[in-house]
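Observations on chain architecture
Each chain is listed here by its residues.
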Amino acid sequence: MTPARAAGTLALAASAIVLLALTLRIAVASLSPLLLIIGRDFALPAAVVGLIGMAPPVAFALAGMVAPAIERRLGLERSVLIAAVVAAVMLGLRAAVVDAWTLLAATAGVFAAVGVANVLIPAVVKKYFPERIGLMTTVYTTTMAVATFTPPLVAVPLADAVGWRGSFAVWAVVALAAVVPWIAMSLRARASRADMVEEPRTSVLSRVVRVPQTWALVVTFAVNSSIAYGLFAWLPPLLIDVAGVDAAAAGGLLALFSFMGLPVSLVVPLLVQRIGRTTPFYAAAVISGLLGAGGLLLAPTAATVLWVVLIGIPPLLFPMVLVLFGLRTRAHETAVALSGLVQSVGYGLAALMPLAIGLTHEITGGWTAALVLLGLAVACAVPAGIVVARRESIEDSWERRTGRTW
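As a convention, each chain's residues are numbered from 1 in the sequence order in which they are written. Given that the model is predicted, a residue must reach a pLDDT of at least 70 before its local features are reported, and side-chain atom pairs must reach 80 or more before they are shown or counted; all residues, however, enter totals for whole chains, interfaces and linings. Neither water nor hydrogens contribute to the side-chain values; these are computed over all heavy atoms in the structure.

**Section: the overall build of the chain**
Inclusion rule: Only runs of H or I of at least four residues qualify as helices and only runs of E of at least two qualify as strands under DSSP, and these elements are numbered from the N terminus. Two things to know: the radius of gyration comes from C-alpha atoms, and the globule rule equals 2.2 Å times the number of residues to the power 0.38. Two residues qualify as a contact provided that any one of their heavy atoms is within 4.5 Å of a heavy atom in the partner residue. Computed with a 1.4 Å probe, the accessible areas rest on the Shrake-Rupley method; for each residue, only the protein chains presented here act as cover.
What the chain contains, in helices and strands, is 18 helices and zero strands. Here the C-alpha atoms of the chain give a radius of gyration of 21 Å, agreeing with the 22 Å that 2.2 N^0.38 yields for 406 residues. Taking the principal axes of the C-alpha coordinates as reference, the chain spans close to 60 × 50 × 30 Å. Taking all contacts inside the chain whose residues are at least 6 apart in sequence as the whole, residues at least 24 apart take part in 83%. Accessible area of the chain: about 16400 Å², with a carbon and sulfur share of 70%.

Encoded structure:
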């Protein structure tokens, strides 16, 4: 490949990754602010709203199971292209729903496509930017962080101006824009043998599951996602009850919790690649998470903002795990298998946290048990961090344990 063609391919890959990263979080964050407005046009039963709330981690878990198989059959770029097309189409269909159940179906379709893309993007970064994994992970996780807190800020004003269907249509156009570079990526991958990768072996996943570091990453990802989805669902009512804030202040504190993903996305991937160690990041996540949960439990009114900031730090584990998919694997096929397993099991476990918080609150009438659960979840990162601290690739770990060549 000529230098000019190589530079063009990298520029195209970078733009494709960034635009898709926007879609991944817009799809998740653009719905909940509009539920009250949508409810004026047709009934939204509490059960359906609850299912919509559980849909992201459940859909991501299921998608993580099938994404590696899709990639094996279709190839990396075409698999991502199909996921991007389905996400754009389903976002468009959300603008045309007629009742709660069609809204749930379209939303589930969006999240299924997003889940497949979530698994495959780390492998794309590893394939096209093997020397800049930390930088590109920073770029796309920061984009995702921005796209997480932007829709809640503009979705309602946009809906006031053009209606909630128009608001959904705008996000669908953004998702459609992400499809264009992936069409070019797919065509280039088919046209140039230099851009092709070998057919992944079906034995890769069976080897990945036998490596302790894999399961340590599963626990790490589950801790991050449990804190994130548990508090996305329950932080406002929790703060209203224990800290005595009003609904508007609770919403602002939820936005602050969400915003904490931005600074950590900017620095964590680069620092992980630069210093090559993960222990400081685990320590920061565990200590801050325990302090935040403990503060809300023992002195919620003393420094509410500080406790929310502290409990918003453990999600730094998310960009750390994403960059480790590339740094702790030698081949793209291993990165796909590792990403699929970690995300499917991690999101599956995380889906239980909102339910557990709700049940404990219903049974006890308070939030003490819920905050204890959050603290225990954070503490689970300690043994995981000990395992991940061993700096070797998944392939090297398997070879060391079995005495055989990967």
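**Let's talk about the packing of aromatic side chains**
We apply this condition: Between rings of Phe, Tyr and Trp, where Trp is taken as its six-membered ring, a pair exists when centres lie within 6.5 Å; planes separated by under 30 degrees are stacked, by over 60 edge-to-face, and by other angles tilted. When accessible area is computed with a 1.4 Å probe and restricted to protein chains, residues below 20% of their type maximum are described as buried, those above 50% as exposed, and intermediate ones as partly exposed.
According to the stated counting rule, one finds eleven aromatic pairs in the structure shown. Measuring from ring centre to ring centre gives 6.0 Å for Phe42 and Trp164, while their planes differ by 80 degrees; the resulting arrangement is edge-to-face. Of this pair, Phe42 sits in the loop between helix H2 (35-38) and helix H3 (46-74) while Trp164 sits in helix H6 (residues 133-191), and the two are 122 residues apart along the sequence. The residues Phe42 and Trp164 share a single accessibility class, namely buried. Between Phe232 and Phe257 the ring centres are 5.6 Å apart and the planes differ by 80 degrees, which places this aromatic pair in the edge-to-face class. Placement of the pair is Phe232 in helix H8 (residues 212-242) and Phe257 in helix H9 (residues 247-259), with a sequence separation of 25 residues.

**Brief notes about the nonpolar core**
Using the following cut-off: To form a nonpolar core, buried Ala, Val, Leu, Ile, Met, Phe, Trp, Tyr and Cys residues must be joined to one another through side-chain atoms within 4.5 Å.
Ranked by size, the top nonpolar core spans 105 residues in total, and within it Trp182, Leu239 and Met320 carry the most contacts. Ile26, Ala95, Leu103 and Trp171 belong to the second largest nonpolar core, which has 22 residues in total.

**Topic: empty space enclosed by the protein**
Short version of the rule: Within this scheme a cavity is a closed region of a 1 Å grid, computed over the protein atoms alone, that accommodates a 1.4 Å probe without allowing it to escape, whereas a pocket is open but has protein on both sides within 12 Å along at least five of seven lines; lining residues each have an atom within 4 Å of a point. Grid points are joined across faces, edges and corners, and a volume is the space filled by probe spheres set on the points. The classification used treats Ala, Val, Leu, Ile, Met, Phe, Trp, Tyr, Cys and Pro as nonpolar, Asp, Glu, Lys and Arg as charged, and all other residues, Gly among them, as polar.
This model, assessed by the stated rule, comprises two cavities of 30 Å³ or more. Put simply, the second largest cavity is a space of about 40 Å³. Around the second largest cavity sit Leu24, Asn118, Tyr140, Met144, Phe318, Leu322 and Gln343, which together line it. Looking at the lining of the second largest cavity, the elements that each hand over two or more residues are H6 and helix H13 (317-327). For the lining of the second largest cavity, the class distribution of residues is five nonpolar, two polar and no charged.

**Let's talk about the packing of H13 against helix H14 (residues 332-350)**
Spelled out, the test is: Every angle, taken between N-to-C directions, lies between 0 and 180 degrees, and every axis is a line fitted to C-alpha atoms, over only the stretch in contact when it is a helix. Orientation is classified from the angle alone, with under 35 degrees giving roughly parallel, over 145 giving roughly antiparallel, 65 to 115 giving roughly perpendicular, and any other angle giving oblique.
Relative to each other, H13 and H14 sit at 150 degrees, their axes nearing to 9 Å. Judged by the angle between their axes, H13 and H14 are roughly antiparallel. Contact residues: Phe318, Val321, Leu322 and Phe325 in H13; Ala335, Leu338, Ser339, Val342, Gln343 and Tyr347 in H14. In the contact of H13 with H14, the residues fall into eight nonpolar, two polar and no charged.

**Regarding the pattern of salt bridges**
Put simply, the rule reads: The salt bridge criterion pairs a side-chain nitrogen of Lys or Arg with a carboxyl oxygen of Asp or Glu, the two atoms within 4 Å.
In this structure the tally under the stated criterion is five salt bridges. Measuring nitrogen to oxygen at the nearest pair gives 2.4 Å for the salt bridge that ties Asp396 to Arg330. Residue Asp396 is located in helix H18 (residues 394-402), and its partner Arg330 is located in the loop between H13 and H14; the two are separated by 66 residues in the primary sequence. Residue class for Asp396 comes out partly exposed when judged on its relative accessible area of 33%. Between Glu399 and Arg330 there is a salt bridge, with its nearest N and O atoms 3.1 Å apart. Note that Glu399 is positioned in helix H18 and Arg330 in the loop between H13 and H14, a separation of 69 residues in sequence. Residues joined in a network through salt bridges with shared partners are Arg330, Asp396 and Glu399.

**What about the environment of Leu103?**
Relative to the helices and strands, Leu103 is located in helix H5 (residues 100-128). Residues Leu103 and Leu93, spaced ten residues apart in sequence, show a C-alpha to C-alpha distance of 8.6 Å. What Leu103 contacts, discounting residues up to four positions off in sequence, is Leu31, Leu35, Ile38, Leu44, Ile52, Arg94 and Val97.

**Notes on the environment of Trp101**
Inspection of the secondary structure puts Trp101 in helix H5. Accessibility expressed as a relative area gives 53% for Trp101, which makes it exposed.

**A look at the side chain of Ser226**
Topologically, Ser226 is positioned in helix H8. When its relative accessible area of 7% is taken as the criterion, Ser226 is described as buried. Contacts of Ser226, omitting those with residues within four sequence positions, involve Leu349, Ala350 and Met353.

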